[in-house]
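One-letter residues, chain by chain:
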Amino acid sequence: MGTKGKIIKCKAAIAWEANKPLSIEEVEVAPPKDHEVRIQIIATALCHSDAHILHPQFEGGFFPVILGHEGAGIVESVGPGVTNFKPGDKVIPLGVPQCGKCKFCLSPRTNFCGKIKNFKNPLSDQKLMEDGTSRFTCKGKPIYHFMGTSTFSQYTVVSDVNLAKLDDDANLERVCLLGCGFSTGYGAVINNAKVTPGSTCAIFGLGGVGLSAVMGCKASGASRIIAIDINSEKFTKAKALGATDCLNPKDLDKPVQEVIVEMTNGGVDFAFECAGGAKIMRAALDSVTVGWGVCTIIGVNVGDSGLNVSAVELLMGRTLTGTSFGGWKSVTSVPKLAADYKNKKLDLDALVSHTLPFDKVNEAFDLMYQGKSIRTVLLF
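One structure accompanies this document, and this report is about it. (Residues numbered from 1 in each chain as written. Predicted model: local features only at pLDDT ≥ 70, side-chain atom pairs only at ≥ 80, totals over all residues. Heavy atoms only, no water.)

Some words on the overall build of the chain
In step 1: When you go through the chain residue by residue, the secondary structure sums to 10 helices and 17 strands.
In step 2: For 380 residues, the compact-globule estimate of 2.2 N^0.38 gives 21 Å, and the chain sits close to it at 20 Å.
In step 3: Referenced to the eigenvectors of the C-alpha coordinate spread, the extents of the chain come out at roughly 65 × 40 × 40 Å.
In step 4: The long-range fraction of contacts in the chain, counting pairs at least 24 apart against all pairs at least 6 apart in sequence, stands at 69%.
In step 5: Accessible surface computed for the chain: about 16,100 Å², of which carbon and sulfur atoms make up 52%. (Helix = DSSP H or I, 4+ residues; strand = E, 2+ residues; numbered from the N terminus. Rg over C-alpha atoms; globule rule 2.2 N^0.38 Å. Contact = heavy atoms within 4.5 Å. Areas by Shrake-Rupley, 256 points an atom, 1.4 Å probe, with all protein chains shown as cover.)

Below you can see the structure in the form of structure tokens.
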């Protein structure tokens, strides 16, 4: 391509400060350096993790920054040392890297990677490239990267260990969801909790992650899938994807966890908390049975006080655990998930409620904040 080795000028959405709308700007994207790949983003969705950085209570915020971590695109050029990718390849940038060499990548017990250094606040990690500099400039100022991906830009630069290669016929407007939301919810069920056939499950929160967890429970052969949300409009979709029961806590005369315990003769085998917040985490933990119940935390709420758990609760055989990116080893697993979508084993279409031009990114955030969207895909 004629742009190789040159600076590319393109549009991007920049967050200049917290609690303010993003600003569509012209940015300069530098060529990739060693083991880096420059990508033309075709489609990007947005996720609550993007909104966390904008939250005034988020600790460790950094500005100005180009957000976005749920995208898909085409390789424009590669830097020195890159052997796995070539211009024209369809790819998904990954917020969770897989270097393949560190103690985490070499262990089958986790999908973490040692490239991430800040495990206390991973959203603040990977804000610069490996050499400690940014590839983005706007109005003469360097702009931070986000999660090593920054998909809210028409072109972005990522490390070659933060990238999954797809088949040439991949539908980028759908497989972009594999960059975070679908993979997280579905994988929490399949990889982390390991839901068993005939089991009972409760899923708290029916956004993109929660509905993906519903799909995972159905694929695992769960006999009862109880979906919980304060927006009853989401129940039709949840039932279409496999939920057997739907509960709106606002419509109940007692706490939802008490209703679930009664419905299931003592509690569900597996609960998935997909919304965030101490109150919902507590409800999810309270809804699992003693003896073997597993509660998996997926959602995060900025500024939340956290969960108080007594020793007795865990001594009685409950397990409280969490998941990051659904336990998938990112570079090797995402291409397989994309192939499963192509072969109609996964329904990503059901998660896309809105498709908008990229310039309407702030409208997409409003839809998410108002609970009106599942996933909004933005197209350049």
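From this point, things continue past the structure.
Digging into the pairing of strand S8 (residues 155-159)
In step 1: Within S8, 5 of the 5 residues are buried, which leaves it mostly tucked inside the rest of the structure.
In step 2: Residue alternation in S8 divides its side chains into two sets, Tyr155, Val157 and Ser159 and Thr156 and Val158, and both sets are buried.
In step 3: In the sheet, strand S3 (residues 36-45) pairs with S8 via 5 bridges, with the strands oriented antiparallel. In the strand pairing of S8, Gln40 is matched with Tyr155. (Buried < 20%, exposed > 50% of the residue type's maximum accessible area, 1.4 Å probe, protein only. Pairing = 2+ DSSP bridges.)

With respect to the pattern of salt bridges
In step 1: Going through the model one piece at a time under the given rule, you end up with 18 salt bridges.
In step 2: The salt bridge involving Lys11 is made with Asp359; its shortest N-O contact spans 2.8 Å. You can see Lys11 sitting in strand S1 (residues 8-14) and its partner Asp359 sitting in the loop between strand S16 (352-357) and helix H10 (361-369), a full 348 residues away along the chain.
In step 3: The class of Lys11 is partly exposed, set by a relative accessible area of 28%.
In step 4: On the basis of relative accessibility, which here comes to 45%, the residue Asp359 falls in the partly exposed class.
In step 5: Where Lys139 meets Glu25, a salt bridge forms, and the shortest distance between an N and an O atom there is 3.4 Å. You can see Lys139 sitting in the loop between strand S6 (136-138) and strand S7 (141-143) and its partner Glu25 sitting in strand S2 (residues 23-29), a full 114 residues away along the chain.
In step 6: Of the residues examined, Lys139 reaches a relative accessible area of 64% and is grouped as exposed.
In step 7: Given the relative accessible area of 13%, Glu25 is considered buried. (Salt bridge = Lys/Arg side-chain N within 4 Å of Asp/Glu carboxyl O.)

Considerations on the environment of Ala219
In step 1: Tracing the sequence through the fold places Ala219 in helix H4 (residues 208-219).
In step 2: For Ala219, a relative accessible area of 52% corresponds to the exposed category.

Section: a nonpolar patch on the surface
In step 1: There is a patch of nonpolar side chains on the surface, built from Val290, Val312, Leu315 and Met316 and spanning about 400 Å² of accessible area.
In step 2: Within the secondary structure, Val312 is located in helix H8 (residues 311-315).
In step 3: Owing to a relative accessible area of 52%, Val312 belongs among the exposed residues under this scheme. (Patch = residues over 30% accessible without salt bridge, like charges linked within 9 Å, V, L, I, M, F, W, Y side chains within 5 Å.)

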